[in-house]
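# Examining the three-dimensional arrangement
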There are 2 protein chains.
Amino acid sequence: MKRVKLIQIGEDIEADNRAEAARVRHLLAESSTYMLNLMSSPGAGKTSLILKTAEVLKPSLRIAVVEADMDSQIDAEKLLAAEVPAVQLRTGGFCHADAYMISKTLPELELDRTDLLILENVGNLICPAQTDTGAHMNVMILSVPEGDDKPLKYPLMFRRCDALVVNKTDYLQMGDFDMEELRRRVAHLNPDMQIFEVSCKTGRGLAEWSEWLLRKIGEDEARH
Amino acid sequence: MKRVKLIQIGEDIEADNRAEAARVRHLLAESSTYMLNLMSSPGAGKTSLILKTAEVLKPSLRIAVVEADMDSQIDAEKLLAAEVPAVQLRTGGFCHADAYMISKTLPELELDRTDLLILENVGNLICPAQTDTGAHMNVMILSVPEGDDKPLKYPLMFRRCDALVVNKTDYLQMGDFDMEELRRRVAHLNPDMQIFEVSCKTGRGLAEWSEWLLRKIGEDEARH
């Protein structure tokens, strides 16, 4: 009996994207550029965290940013206004950035003059978690007003990330966000996840987060 | 010359889903059930708004809820605890609910005893906007901590919805959310969009929103 010929679209696309992500990492290695993929819900504070991190790390690292959004270019404009090199990647209807989009973006950047490339992914806790962008590290932001139950609903995102930045801690006074409960829920999904309590508005926790990031980049690069 | 045989997956899936959505609406019509598709970012307050709306409208409408989430069932449990009939639809890895999922869910509901069926879609401002669930009305929530720039980044969601509930207005004191700027941005995308300023915590605006919803359901049903 002849075997059925199976065309499984999903797996093909994923395998192609993984191969492209490997090419992205190869390209980045040529210029010793480290890439961080930053993900969160809409409005959790990705652009603010990038601006604040760039401020702290400017003496140590040359930073550039890829701003991915379905539409608009206001985030890239904010970064350029703060003299952080940035390009805007418009995904059209697409709900996340993938390795192919990053490949198209890299030639627009001065990689030889970039130590750390930060991808600000599309605001979305679901689809970006399923896709390798070519980044060396994945980090997510959860903002306090979103609530402490998010690990229950978006487990893959919490599993896939190396670090969690809990932003807008200045909102803790407003609501019923239970930080210990959040930490328990995260530990259950991803015991190795680093957690930073931060407020981009008051500055709380930014030094600790930035120092960890700098150290982690150094360790990862020493290993390769 | 032979013509190329083109298999365009995306369009096929969309056409299939549209046909299924028409079947959902046909089924709902048999029991005179009106369906509302409620969408927002993670943590914007969908479950809270449903609970509060059910409280106000209980004397006028028999309400049931479909809770769509990638994982967990805590939202359905919250509704059942408040004696609102609810079922949990687990989408697995899927980032939004579609008409096929609703078709599978309808037999689990007592439609003959339901005037208003509310679908709480997966927390996501992108993918749910692209899919017809079979609902008669689409409503989105934007919570104040997310910021007033969201229409610039997620225009399709704002275009597709009949009403916008701006929730967590008790957070207005905290930040730099400009309600007039938001209204201008929304008007630019969707001049017919109804906007309600609400706080599920303080109760602000809930009566106005609920009354509008009740009136709109009556008008839509009179038309069909």
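Structure report, in brief.

Cut-offs used in this document
- Residues numbered from 1 in each chain as written.
- Chains lettered and ligands numbered in written order.
- Predicted model: local features only at pLDDT ≥ 70, side-chain atom pairs only at ≥ 80, totals over all residues.
- Heavy atoms only, no water.
- Buried < 20%, exposed > 50% of the residue type's maximum accessible area, 1.4 Å probe, protein only.
- Helix = DSSP H or I, 4+ residues; strand = E, 2+ residues; numbered from the N terminus.
- Pairing = 2+ DSSP bridges.
- Right-handed = clockwise from strand over helix to strand, strands pointing away.
- Axes fitted to C-alpha atoms, helices over the stretch in contact; angles between N-to-C directions.
- Contact = heavy atoms within 4.5 Å.
- Phe/Tyr/Trp six-rings, centres within 6.5 Å; stacked < 30°, edge-to-face > 60°.
- Lys NZ or Arg CZ within 6 Å of the ring centre and 35° of its normal.
- Least-squares fit on C-alpha atoms with pLDDT ≥ 70 in both.

Residue and element names in this part refer to chain B. By the criterion of burial, strand S6 (residues 163–167) is predominantly enclosed, with 5 of the 5 residues buried. A two-sided burial pattern is seen for S6, the buried positions comprising Ala163, Val165 and Asn167 on one face and Leu164 and Val166 on the other. Pairing geometry for strand S5 (residues 137–143) and S6, over 5 bridges, is parallel. In the sheet register, Ile141 faces S6, and the bridge partner there is Val165. Summarising the sheet, S6 and strand S7 (residues 194–197) pair through 4 bridges and their orientation is parallel. The residue bridging Ala163 from the neighbouring strand is Gln194, located in S7. Each parallel crossover has a hand, and the one from S6 via helix H7 (residues 179–189) to S7 is right-handed.

On to the sheet that holds strand S2 (residues 63–69) of chain A, then. Residue and element names in this part refer to chain A. Taken together, the 7 strands give an open sheet; going across it, the order is S3-S2-S4-S1-S5-S6-S7, and neighbouring strands pair in parallel fashion. The open sheet terminates on both sides in strands that have one partner only, identified here as strand S3 (86–90) and strand S7 (194–197). The mean inter-strand angle of the sheet, taken between neighbouring strand axes irrespective of direction, is 20°. As paired elements, strand S1 (residues 34–40) and strand S4 (residues 116–120) share 5 bridges and run parallel to each other. Paired with Asn37 across the strands is Leu119, a residue of S4. The strands touched by helix H8 (residues 206–223) are S1, S4, strand S5 (137–143), strand S6 (163–167) and S7; relative to S1, the strand with the most contacts, the crossing angle is about 135°.

By convention here, two paired aromatic rings are described through the distance between centres and the angle between planes. Using the criterion set out here, one finds 7 aromatic pairs over all chains in the structure. Ring centres 5.7 Å apart and planes at 70° place the aromatic pair Phe196 of chain A and Trp209 of chain A in the edge-to-face group. Taken as a pair, Phe196 of chain A in strand S7 and Trp209 of chain A in helix H8 lie far apart in primary sequence, 13 residues in all. Considering the side-chain rings of Phe196 of chain B and Trp212 of chain B, the 5.3 Å spacing of their centres and the 50° angle between planes classify their relative orientation as tilted. In this pair, Phe196 of chain B is assigned in strand S7 and Trp212 of chain B in helix H8 (residues 206–223), connecting sequence segments 16 residues apart. As far as the burial class goes, Phe196 of chain B and Trp212 of chain B line up, both buried. Residue placement shows Lys168 of chain B over the ring face of Tyr171 of chain B; its charged tip is 5.9 Å from the ring centre.

Turning our attention to the relation of the copies chain B and chain A. In this structure, two copies of a chain are linked by a rotation about an axis accompanied by a shift along it. Least-squares fitting of chain B to chain A yields an RMSD of 0.0 Å, with the transformation described by 0.0 Å of translation along the axis and a rotation of 180°. Expressed as an axis order, the relation between the two copies is that of a two-fold axis.

By themselves these figures say nothing about function.
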